[in-house]
Amino acid sequence: DGGITQSPKYLFRKEGQNVTLSCEQNLNHDAMYWYRQDPGQGLRLIYYSQIVNDFQKGDIAEGYSVSREKKESFPLTVTSAQKNPTAFYLCASSPDQGDGETQYFGPGTRLLVL
Amino acid sequence: AQSVTQPDIHITVSEGASLELRCNYSYGATPYLFWYVQSPGQGLQLLLKYFSGDTLVQGIKGFEAEFKRSQSSFNLRKPSVHWSDAAEYFCAVVFTGGGNKLTFGTGTQLKVEL
């Protein structure tokens, strides 16, 4: 089955710790995205990548980093600089970066701070 | 400024009743318009989308949406709601030339009374 997988489902972070969220897709999509979801705020774009080895900041990139070394993988690192990391993180992909291309979402990772 | 508004945070309907969820956007041209649904703790599933052409769009699960340019609206409707429709619904927009970045409304939580 083709789709997007995110792991882990739950992740706990200690103060000062960096954590990495995994996102993998086997849809052969060129573009991938990371969103953060907080209650009552909808989803906000953190980073996006239109092609391997290239990515751009979204609306709330501070405290986060990404890499895109392979087409199918787009991991997100939540760094210690992100002071309020508790949220639900969703990864998405689309066939290419053209305007209006449908984005398909993974099941999400919930990040909690200890 | 470009924005998306879902004015209803919560809506409760009886099973079998009709449903309309409101979405308005602020933009100088016609954007690409989407409706997604999210069950608790899950990712987002696309219900339908509008790019151009017929302003009444049919989607999955018996949903439809109508684009009204004069009102900058893209309201979601269903003639008869089922208990399984209880979820959170997000309107999302891609403003042209922005690199296929989705801008989301804050969501409407639908409760279905049996």
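Keep in mind that this is a model prediction, so the values were computed, not measured.

**Quick word on the interface of chain B and chain A**
Right, on to step 1. Taken residue by residue, the interface counts 25 residues in chain B and 25 residues in chain A.
Right, on to step 2. Summed over both partners, the interface of chain B with chain A comes to about 1700 Å²; 50% of that surface belongs to carbon and sulfur atoms.
Right, on to step 3. Of all residues in chain B, the largest losses of buried area upon contact with chain A belong to Asn100, Lys101 and Phe104 of chain B, amounting jointly to 30% of the total for that side.
Right, on to step 4. For the pair chain B and chain A, the number of links is zero salt bridges.
Right, on to step 5. Counting across the chain B and chain A interface gives eight residue pairs in polar contact (both at pLDDT 80 or more).

**Comments concerning the sheet that holds strand β3 (residues 19–25) of chain A**
Residues and elements named next belong to chain A.
Right, on to step 1. Spatially, four strands are ordered β1-β3-β8-β7 in an open sheet, and the strand pairing comes out antiparallel. In this open sheet, the two strands that pair with only one neighbour each are β1 (4–7) and β7 (64–66). Averaged over all pairs of adjacent strands, the angle between strand axes in this sheet comes to 20 degrees, irrespective of strand direction.
Right, on to step 2. Bridging between β7 and strand β8 (residues 76–78) involves three bridges; their strand directions are antiparallel. Within β8, the residue paired with Tyr64 across the bridge is Val78.

**Examining the packing of aromatic side chains**
Right, on to step 1. All chains considered together, the criterion is met by 18 aromatic pairs over all chains.
Right, on to step 2. Ring centres 6.2 Å apart and planes at 45 degrees place the aromatic pair Tyr36 of chain B and Phe104 of chain B in the tilted group. A residue pair is termed long-range when its members are at least 10 positions apart, and Tyr36 of chain B in strand β5 (residues 32–38) and Phe104 of chain B in strand β11 (residues 102–104) qualify at 68 residues.
Right, on to step 3. Classification of Tyr36 of chain B by relative accessible area gives buried; the value is 1%.
Right, on to step 4. Ring geometry for Phe90 of chain B against Phe104 of chain B: centres 6.2 Å apart, planes inclined by 85 degrees, an arrangement best described as edge-to-face. You can see Phe90 of chain B sitting in strand β10 (residues 87–94) and its partner Phe104 of chain B sitting in strand β11, a full 14 residues away along the chain.
Right, on to step 5. The ring of Phe74 of chain A carries the charged tip of Arg68 of chain A above its face, separated from the ring centre by 6.0 Å.

**Examining the nonpolar core**
Right, on to step 1. Residues Leu19, Trp35, Leu47, Leu48, Phe74, Leu76 and Tyr89 of chain B are the most contacted members of the largest nonpolar core, which totals 27 residues.
Right, on to step 2. Counting only elements with at least two residues in this core, the list comes to β2 (10–14), β3 (19–21), β5, β6 (44–50), β8 (64–68), β9 (73–78), β10 and β12 (108–113) of chain B.
Right, on to step 3. Looking at this core element by element, the count peaks at four residues for β10 of chain B.
Right, on to step 4. If you look at the next biggest cluster of nonpolar residues, it comprises 20 residues, including Val19, Cys23, Ala61 and Leu111 of chain A.

Rules used in this analysis
- Residues numbered from 1 in each chain as written.
- Chains lettered and ligands numbered in written order.
- Predicted model: local features only at pLDDT ≥ 70, side-chain atom pairs only at ≥ 80, totals over all residues.
- Heavy atoms only, no water.
- Contact = heavy atoms within 4.5 Å.
- Buried area = accessible area lost by both parts, 1.4 Å probe.
- Salt bridge = Lys/Arg side-chain N within 4 Å of Asp/Glu carboxyl O.
- Polar contact = N/O pair within 3.5 Å; in protein donor to acceptor, adjacent residues only side chain to side chain.
- Pairing = 2+ DSSP bridges.
- Helix = DSSP H or I, 4+ residues; strand = E, 2+ residues; numbered from the N terminus.
- Axes fitted to C-alpha atoms, helices over the stretch in contact; angles between N-to-C directions.
- Phe/Tyr/Trp six-rings, centres within 6.5 Å; stacked < 30°, edge-to-face > 60°.
- Buried < 20%, exposed > 50% of the residue type's maximum accessible area, 1.4 Å probe, protein only.
- Lys NZ or Arg CZ within 6 Å of the ring centre and 35° of its normal.
- Core = buried A, V, L, I, M, F, W, Y, C linked by side-chain atoms within 4.5 Å.

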